[in-house]
Every structure is written in structure tokens, then in C-alpha cells.
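Structural characterization, general
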Amino acid sequence: MTDQSSQSTVQPGFDEFIQKIADDTGLSQLSDDEKAPLIANLELEVQRRLGLVALSYLGDEDAKEFVNMTTSDPQPSPQDVMLFMQNHISDFEKIMADALATVYREFMAGATV
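Residues numbered from 1 in each chain as written. Predicted model: local features only at pLDDT ≥ 70, side-chain atom pairs only at ≥ 80, totals over all residues. Heavy atoms only, no water.

**Points about the overall build of the protein chain**
- When helices and strands are counted, the protein chain shows five helices and zero strands.
- Ordered by position from the N terminus, the helices and strands of the protein chain form the series α-α-α-α-α.
- Here the protein chain holds 113 residues, and the buried ones make up 27% of them.
- Across the protein chain, every contact between residues at least 6 apart in sequence was considered, and the portion connecting residues at least 24 apart equals 66%.
- Looking at the protein chain as shown, the accessible area adds up to about 7,400 Å², and 54% of this sits on carbon and sulfur atoms. (Helix = DSSP H or I, 4+ residues; strand = E, 2+ residues; numbered from the N terminus. Buried < 20%, exposed > 50% of the residue type's maximum accessible area, 1.4 Å probe, protein only. Contact = heavy atoms within 4.5 Å. Areas by Shrake-Rupley, 256 points an atom, 1.4 Å probe, with all protein chains shown as cover.)

Okay, structure coming up:
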């Protein structure tokens, strides 16, 4: 099913991105107990930012369809959301790559190690 391929192309990139920030800021040197909540918060913030960027590229009808999808399933799988976005936003992968680069620059500008 295409959901699996979406997960395999996007999730590793996301995981690598989070790991890069953890390495570049020194978070990865913390103990697992100290690091886990910080990484979880970082993942949520990055997902939120990417979601806002993606939503800004949806037209009115696509946005309504997305709202309907998330209303009928308040916690859709990341694969379902990714598939929806890929099918409704042209150049989705490039847009997300650009957004990740922006998030990284902003995060690193505010990070004090």
C-alpha cells in the first residue's frame, strides 16, 4: 500500500533531522532520561511547524477535505496525513525540505549550547 512507501521516505528524513538537531545542540550527549522529553517536545514542535506550512499550501476545497478527514478521525496516522498532503500539494517534498531548512536555521539561531 502507498502509505508504507510514504512512511519509508518521509519518516527516516524526519528522524535524521531530529537527530541532527540533537547532535548539533548537544542534546544527544544528555542521559536518556534527560533527553527523552526534550526530543519529544522537539518532534512535536517540528511536526506542528511542518503542518502549518503544509496547510498554508492547501486551497479552500483541499483544506475543507483535510478538516473533514481529521474530524472523522481526530488522530489520523502520520502516513494518512502525509499521503493526503502529497496528493494535494504540488512539490510537497521540496516545500517540506525548504521548511525543514528554515526550522533548522531558526532553531540553531535560538539555541545556546
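**Some points on the nonpolar core**
- In terms of nonpolar packing, the biggest core is built from 24 residues, with F17, I18, V46, L50, M85, I89 and F92 touching the most fellow members.
- At the level of secondary structure, the elements contributing two or more residues to this core comprise α1 (2–25), α2 (32–56), α4 (78–88) and α5 (92–110).
- Sorting elements by how many residues they give to this core places α5 first, with seven residues.
- Residues contacting L50, with those up to four places away along its chain left out, are F14, M96, A99 and L100. (Core = buried A, V, L, I, M, F, W, Y, C linked by side-chain atoms within 4.5 Å.)

**Focus: the packing of helix α3 (residues 60–72) against α4**
- In contact at an axis separation of 11 Å, α3 and α4 are set at 165° when each is read in the N-to-C sense. Comparing the axis directions of α3 and α4 gives the class roughly antiparallel. α4 is crossed by α3, and the crossing has right-handed handedness. Here α3 contributes D62, E65, F66 and M69 to the contact with α4, which in turn contributes D80, V81, F84, M85 and H88. (Axes fitted to C-alpha atoms, helices over the stretch in contact; angles between N-to-C directions. Parallel < 35°, antiparallel > 145°, perpendicular 65-115°, else oblique. Left-handed = near helix turned anticlockwise from the far one by under 90°.)

**Some points on the pattern of salt bridges**
- Under the criterion given, the structure shown has six salt bridges.
- Residues R48 and E45 are paired through a salt bridge, measuring 2.7 Å at the closest nitrogen-oxygen approach. Placement of the pair is R48 and E45 together in helix α2, with a separation of three residues, close to one helical turn.
- With its nearest N and O atoms 3.8 Å apart, the salt bridge here joins K64 to E61. With K64 and E61 both in helix α3 and three residues apart, this pair spans about one turn of that helix.
- A residue is classified by how much of its surface remains accessible, and E61, at 57% relative accessible area, is exposed. (Salt bridge = Lys/Arg side-chain N within 4 Å of Asp/Glu carboxyl O.)

**A few points about the packing of aromatic side chains**
- Throughout the structure, instances matching the rule amount to two aromatic pairs.
- Measuring from ring centre to ring centre gives 6.4 Å for F17 and Y104, while their planes differ by 70°; the resulting arrangement is edge-to-face. Of this pair, F17 sits in helix α1 while Y104 sits in helix α5, placing them 87 residues apart in sequence.
- Aromatic pair F66 and F84: ring centres 5.4 Å apart, planes at 45°, arrangement tilted. Of this pair, F66 sits in helix α3 while F84 is found in helix α4, placing the two residues 18 residues apart along the sequence. Across the pair, exposure class does not vary: F66 and F84 are buried alike. (Phe/Tyr/Trp six-rings, centres within 6.5 Å; stacked < 30°, edge-to-face > 60°.)

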